[in-house]
Amino acid sequence: MATGDEKSVCPVCFNLDFDHIPQKEPPCVLDSHYFNIPFLKVKASSKSESCLPCSIICAGLECMQEQWEDSEDDQFLLEDTLLLINLRRGHSLRITCSNPGDEKILEFYTLSEKDNASIFAIGISRAVATELDLDRCLELAREWMKKCDTEHNLCGRPISSRLPTRVIDVGPDATSDTVYLRETTESNRDLYMSLSHCWGKEQIITTTTSTLLARKASINLSELSELSENFRDAVMIARYFGIRYLWIDSLCLYLDRH
Ligand SMILES: [Zn+2]
Ligand SMILES: [Zn+2]
C-alpha cells in the first residue's frame, strides 16, 4: 500500500515506469527494457487493484481480441498467454503476446504530450496522413528532412558522389513534362535519389539496347506517358527537393544485358 505521498508500485506492471521495472545485468544498451507477465495477472490487477497501466494494457488487448479470433474455437487471448512487455524510451509501448506457435504484437501510443503526462512508457507517436496525397506527403517529408538536418548529429549530410552509369535527369525546370535518360561519366558527381519500388505484375517502362536512344531523347511525364504513377511521383519528389538526378532500376539498367 502507498504510504504518505509515495505512489505504490504495481507488482505486475511496475507502473510501466522505467525506474521501477526489473533491471537486467548487463544493462540494456538501447534503453529498451523487457519483462514477461501472463495475461491472467494483468487482467486480475486491472480488476482488483484498479492499476491504470494494467487496465490500459488489458483494454487494448481485449479490443484486439475480436480481430485476432475468428471464431469461438480459435481463441488467442488466453489466461496463460504470455505478454512480453517492451518499454522503449521515446517510442510506443510494444507488447508481444505469445501462445505456443503463435504470436501477435500490439503497440500502444499517445498522440500528444498532454495525453502522455502519466505513463511515459506509452510514447508519443506521429499522426499519419490517411490519404496518400503527394503534396501532403512532401510537406511531411520536408519536416522530417529539416528535423534530420537540425537535430540529428549522427546522421550524415548528403554529399555529391559519382552518379550511377545511367540516371534520369529531371531537368532544371520543375514544370517541364519531359525527363531524360542520361549516361554519365566518371567526372559526373552530384546528388541523386533512388526509387525503391515493387515491380508488381503490371508491365513497367524499361530500357533495353533498342530503346536507349529514345529514352535519352525524352521520356514523357504526361498522363498518357509510359511512366507509371509512382515513377512520375518520384520525379516530382526529386524536383521538390531540388535534386536533379533520379535512379530507377528498370530504366537505368539494361534489361537485356547481363
Ligand atoms: Zn499494473
Ligand atoms: Zn536523421
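Values in this document were obtained by computation on a predicted structure and should not be read as measured data.

Chemist: Any details on the pattern of salt bridges? Residues and values, ideally.
Modeler: Enumeration over the complete set of coordinates arrives at nine salt bridges. Residues E186 and R162 are paired through a salt bridge, measuring 3.9 Å at the closest nitrogen-oxygen approach. With a gap of 24 residues between them, E186 in the loop between β7 (178-183) and β8 (189-190) and R162 in strand β5 (residues 161-162) connect regions that are remote in the sequence. Taking relative accessible area as the criterion, E186 reaches 63% and is therefore assigned exposed. Classification of R162 as partly exposed rests on a relative accessible area of 28%. The partner of D169 in a salt bridge is R182, and the shortest N-O contact between them spans 3.7 Å. In this pair, D169 is assigned in strand β6 (residues 166-169) and R182 in strand β7, connecting sequence segments 13 residues apart. The class of R182 is partly exposed, set by a relative accessible area of 27%.

Chemist: Break down the coordination of the zinc ion (ligand 1) for me, with residues and values.
Modeler: Within the first shell, the zinc ion (ligand 1) binds the protein through C10 (SG), C13 (SG), C51 (SG) and C54 (SG), at distances of 2.2 to 2.3 Å. Around the zinc ion (ligand 1) sit four donor atoms; with metal-centred angles ranging over 102 to 113 degrees, the donor geometry is tetrahedral. In the primary structure, the donors to the zinc ion (ligand 1) are separated according to the pattern C-x2-C-x37-C-x2-C. We note that C10, like C13, is buried.

Chemist: Could you give me a rundown of the sheet that holds strand β1 (residues 32-38), with the residues and numbers involved?
Modeler: Pairing is antiparallel in the open sheet, where four strands are placed in the order β1-β2-β3-β4. Each edge of the open sheet carries a strand with a single partner, namely β1 and β4 (102-108). Recorded for the sheet is a direction-independent mean angle of 20 degrees between the axes of neighbouring strands. Sheet topology note: the strand β2 (residues 82-88)/strand β3 (residues 93-99) ladder contains five bridges and is antiparallel. Counted as the bridge partner of I85 is I95 from β3. Along the sheet face, helix α1 (residues 39-48) touches β1 and β2 and points at about 85 degrees away from the line of β1. Lying on the sheet, helix α2 (residues 52-68) is in contact with β2, β3 and β4; it crosses β4 at an angle near 130 degrees.

Chemist: With reference to specific residues and values, describe helix α5 (residues 229-240).
Modeler: Counted at 1.5 Å a residue, the expected span for α5 with its twelve residues is 16 Å, and the 16 Å between its end C-alpha atoms agrees. Close packing links the buried residues of α5 with β7, β9 (192-195), β11 (245-248) and α6 (249-252). Downstream of α5 by one or two residues, G242 has phi in the positive range, about 70 degrees.

Chemist: Just give me the short version of the packing of aromatic side chains, but keep the residues and values in it.
Modeler: Enumeration according to the criterion identifies three aromatic pairs in this entry. A ring pair is formed by F14 and F35, whose centres lie 5.1 Å apart and whose planes are at 85 degrees; its orientation type is edge-to-face. Of this pair, F14 sits in the segment before β1 while F35 sits in strand β1, and the two are 21 residues apart along the sequence. Look at F35 and you get buried, because its relative accessible area is 6%. Centre to centre, the rings of W68 and F76 are 5.4 Å apart; their planes meet at 75 degrees, and the pair counts as edge-to-face.

The rules behind each value
- Residues numbered from 1 in each chain as written.
- Chains lettered and ligands numbered in written order.
- Predicted model: local features only at pLDDT ≥ 70, side-chain atom pairs only at ≥ 80, totals over all residues.
- Heavy atoms only, no water.
- Salt bridge = Lys/Arg side-chain N within 4 Å of Asp/Glu carboxyl O.
- Helix = DSSP H or I, 4+ residues; strand = E, 2+ residues; numbered from the N terminus.
- Buried < 20%, exposed > 50% of the residue type's maximum accessible area, 1.4 Å probe, protein only.
- Donors = N, O, S within 2.8 Å, 3.2 Å for Na, K, Ca; no water.
- Tetrahedral: all angles 85-135°; square planar, octahedral: opposite > 155°, others 65-115°.
- Pairing = 2+ DSSP bridges.
- Axes fitted to C-alpha atoms, helices over the stretch in contact; angles between N-to-C directions.
- Contact = heavy atoms within 4.5 Å.
- Expected span 1.5 Å × (residues − 1).
- Phe/Tyr/Trp six-rings, centres within 6.5 Å; stacked < 30°, edge-to-face > 60°.

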